[in-house]
Amino acid sequence: MNAFVFVSLLLDKRPSVIEDQKNPDITILIAAFNEEGFIGSTLEGIARQNYHGSVRVIVIDDGSSDGTVDAIKSNQDIYSNIELVSLVKNGGKAAALNHGLKMSITDIIISVDADSYLHVDAIKNLVGRYMSDPANTRAVAGEILIRNSRVNWITKAQEWDYFLGIASIKRIQSLFQGTLVAQGAFSLYDRKALNEIGGWPEMVGEDIVLTWKLLLAGYRVGHAEDAIAFTNCPQTLNAFIKQRQRWSRGLIEAFKVNPMILLKPRLSTIYIWWNTLFPLMDIAYALGFIPGLVLACFGIFWIVGPMTLSVLPMALALNLYMFSKSRKMFEKEHLKVRANVFGFFFYVFAYGLILQPACVYGYFSEFFNLKKNWGTK
């Protein structure tokens, strides 16, 4: 798999965006629940966009109990294109977005999380990629990066997870004509296609289930690596585990809702099949490799032995190549990669010790239909 990722990144050449692209009218949907501290900066980032088309912003307050509504209203006094919809009862992110979808009339819908800050060219690059991609494209995932990476050790590690791992996988999936998650934090969708598949489903992993429905319907999902949104990642170990548990449950939900996608004759199906292996690999890692690592510390090399060290330089080399690809994109957008040496080495060599057990917990939670908790995004 690592060899496949490396070769795919070597082959990947982003098609050029059409320079004289039109600037179609767009609608931005923001589902907000208790985001008093962040919604202001989110709306400010949208207002500063280098985009020449008409932008309608619909903010759906999903029954917030803090000062979110007041924060939105104060921004309405500054920005005339913001519309506020207040829902009396909290119904969840999917229900809020579907409410906004019913109000939308533009062909292009963009979802933005209430705590995400868009880089100045984010919308221009996202729409540009959509306009320049193959005609059957119905969604484009933006590039999600971390804005609170300096808080502690867990946020420092997650910065590299988003900048290297997640970004590279989305780039490769787009190369094979089917990005598997157009994440709700920042993605573009065709409104008619959204209505065709019934909008966002009421599930823990609503974004991955929605994306797989689009793929199953025969549409393509792209990725714009230079359409950057900075979001907040979990700042505690407990919150991180809950997030990755939710993501893992979302993967299982996607298989349960769209089982026939495994038989879809298209290039992106190879990555769908790969996802069937991830639970098995995560279980092997959590229940085999980690105990083997503990045994190796006591000189018992039944599972993990000295030869295991040979994978470390390969892992380092792959991540350095991922870094070179992402850094070029950053430089193009006049951004600079901040120094985070500790986070990088922790991500390369120790991140899996936390990530894989959290994922296994999520798989078993969905398998045994345990109580669902949305937690953080």
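Owing to the predicted nature of the structure, the values given are computational and were not obtained by experimental measurement.

A.B. asks: Help me understand the overall build of the chain, please; the structure alone is not making it clear to me.
C.D. replies: The helix and strand tally for the chain stands at 13 helices and 8 strands. The globule rule puts the C-alpha radius of gyration for 377 residues at 21 Å, and the 21 Å found for the chain is close to it. A principal-axis box enclosing the C-alpha atoms of the chain has dimensions of 65 × 45 × 45 Å. Expressed as a percentage of the 377 residues in the chain, the buried residues total 54%. The long-range fraction of contacts in the chain, counting pairs at least 24 apart against all pairs at least 6 apart in sequence, stands at 84%. Only carbon and sulfur atoms are counted for the fraction: they give 63% of the accessible area of the chain, which is about 17000 Å². Positive and negative side-chain charges in the chain, numbering 37 and 33 respectively, have mean positions lying 5 Å apart.

A.B. asks: How do you make sense of the side chain of Ser-168 when you look at a structure like this?
C.D. replies: By the element assignment, Ser-168 lies in helix H6 (residues 153–175). What makes Ser-168 buried here is its relative accessible area of 3%. Excluding its chain neighbours within four sequence positions, the residues that come into contact with Ser-168 are Leu-9 and Met-322.

A.B. asks: Looking at this structure, I do not really get the sheet that holds strand E6 (residues 137–146). What am I missing?
C.D. replies: Paired through their backbone hydrogen bonds, the strands of a sheet run either parallel or antiparallel. Pairing is mixed in the open sheet, where 8 strands are placed in the order E3-E2-E1-E4-E7-E6-E8-E5. Each edge of the open sheet is held by one strand with a lone partner, namely strand E3 (82–87) and strand E5 (117–118). Across 3 bridges, the pairing between E6 and strand E7 (residues 186–190) is antiparallel. Bridge assignment links Ala-141 to a residue of E7, and that residue is Ser-187. Running at roughly 160° to E6, H6 makes contact with E6 and strand E8 (220–231) of the sheet.

A.B. asks: How should the packing of aromatic side chains be read in this particular structure?
C.D. replies: For any two aromatic rings, the description comes down to two numbers: the centre-to-centre distance and the angle of the planes. Enumeration over the complete set of coordinates arrives at 23 aromatic pairs. Ring centres 4.9 Å apart and planes at 85° place the aromatic pair Trp-212 and Phe-255 in the edge-to-face group. Separated by 43 residues along the polypeptide, Trp-212 in helix H8 (residues 206–216) and Phe-255 in helix H9 (residues 237–257) bring together distant segments of the chain. Look at Phe-255 and you get buried, because its relative accessible area is 16%. One aromatic cluster is present, formed by Trp-160, Phe-163, Phe-323, Phe-330, Phe-344, Phe-345 and Phe-349 through successive ring pairs.

A.B. asks: Looking at this model, I keep getting lost on the packing of helix H2 (residues 39–47) against helix H3 (residues 68–76). Mind explaining?
C.D. replies: Geometrically, a packed helix pair is captured by the angle between its two axes and the distance between the axes. The N-to-C vectors of H2 and H3 enclose an angle of 30°; their axes lie 9 Å apart at closest approach. Between H2 and H3, the crossing angle belongs to the class labelled roughly parallel. Handedness of the H2/H3 crossing: right-handed. Each of Ile-39, Gly-40 and Leu-43 in H2 lies in contact with H3, whose residues at this interface are Thr-68, Ala-71, Ile-72 and Asn-75. The residue makeup of the contact of H2 with H3, split by class, is 4 nonpolar, 3 polar and no charged.

A.B. asks: What is the right way to look at H8 in this model?
C.D. replies: In an α-helix, one full turn covers 3.6 residues, which means residues spaced three or four apart are oriented alike. Within H8, 9 of the 11 residues are buried, leaving the element largely enclosed by the surrounding structure. Listed in full, the buried residues belonging to H8 are Glu-206, Asp-207, Ile-208, Val-209, Leu-210, Thr-211, Trp-212, Leu-214 and Leu-215. One or two positions beyond H8, positive phi appears at Gly-218, with a value near 95°.

A.B. asks: Is there a simple way to explain the pattern of salt bridges in this structure?
C.D. replies: Think of it this way: side chains of opposite charge can pair up when their charged atoms draw near. In the structure shown here, the tally under the stated rule is 13 salt bridges. The salt bridge involving Lys-93 is made with Asp-113; its shortest N-O contact spans 2.8 Å. Of this pair, Lys-93 sits in helix H4 (residues 93–103) while Asp-113 sits in the loop between strand E4 (108–112) and E5, and the two are 20 residues apart along the sequence. Two residues, Asp-161 and Arg-244, come together in a salt bridge whose shortest N-O distance is 3.0 Å. One end of the pair, Asp-161, is in helix H6; the other, Arg-244, is in helix H9, with 83 residues separating them in the sequence. Members of the salt-bridge network, linked through shared partners, are Arg-129, Asp-133 and Arg-220.

A.B. asks: What am I meant to see in the nonpolar core here?
C.D. replies: Looking at soluble globular proteins, one finds that nonpolar side chains tend to be buried together. Ranked by size, the top nonpolar core spans 100 residues in total, and within it Ile-28, Ile-30, Ile-110, Phe-186, Trp-200 and Trp-212 carry the most contacts. It is H6 that contributes the most residues to this core, 7 residues altogether. Among all residues touching Ile-110, those that are not within four sequence positions of it are Ile-26, Thr-27, Ile-28, Leu-29, Ile-123, Leu-126, Val-127, Phe-186, Ser-187 and Leu-188.

Rules used in this analysis
Residues numbered from 1 in each chain as written. Predicted model: local features only at pLDDT ≥ 70, side-chain atom pairs only at ≥ 80, totals over all residues. Heavy atoms only, no water. Helix = DSSP H or I, 4+ residues; strand = E, 2+ residues; numbered from the N terminus. Rg over C-alpha atoms; globule rule 2.2 N^0.38 Å. Buried < 20%, exposed > 50% of the residue type's maximum accessible area, 1.4 Å probe, protein only. Contact = heavy atoms within 4.5 Å. Areas by Shrake-Rupley, 256 points an atom, 1.4 Å probe, with all protein chains shown as cover. Lys, Arg positive; Asp, Glu negative; His and termini not counted. Charge placed at Lys NZ, Arg CZ, Asp CG, Glu CD. Pairing = 2+ DSSP bridges. Axes fitted to C-alpha atoms, helices over the stretch in contact; angles between N-to-C directions. Phe/Tyr/Trp six-rings, centres within 6.5 Å; stacked < 30°, edge-to-face > 60°. Parallel < 35°, antiparallel > 145°, perpendicular 65-115°, else oblique. Left-handed = near helix turned anticlockwise from the far one by under 90°. Nonpolar A, V, L, I, M, F, W, Y, C, P; charged D, E, K, R; others polar. Salt bridge = Lys/Arg side-chain N within 4 Å of Asp/Glu carboxyl O. Core = buried A, V, L, I, M, F, W, Y, C linked by side-chain atoms within 4.5 Å.

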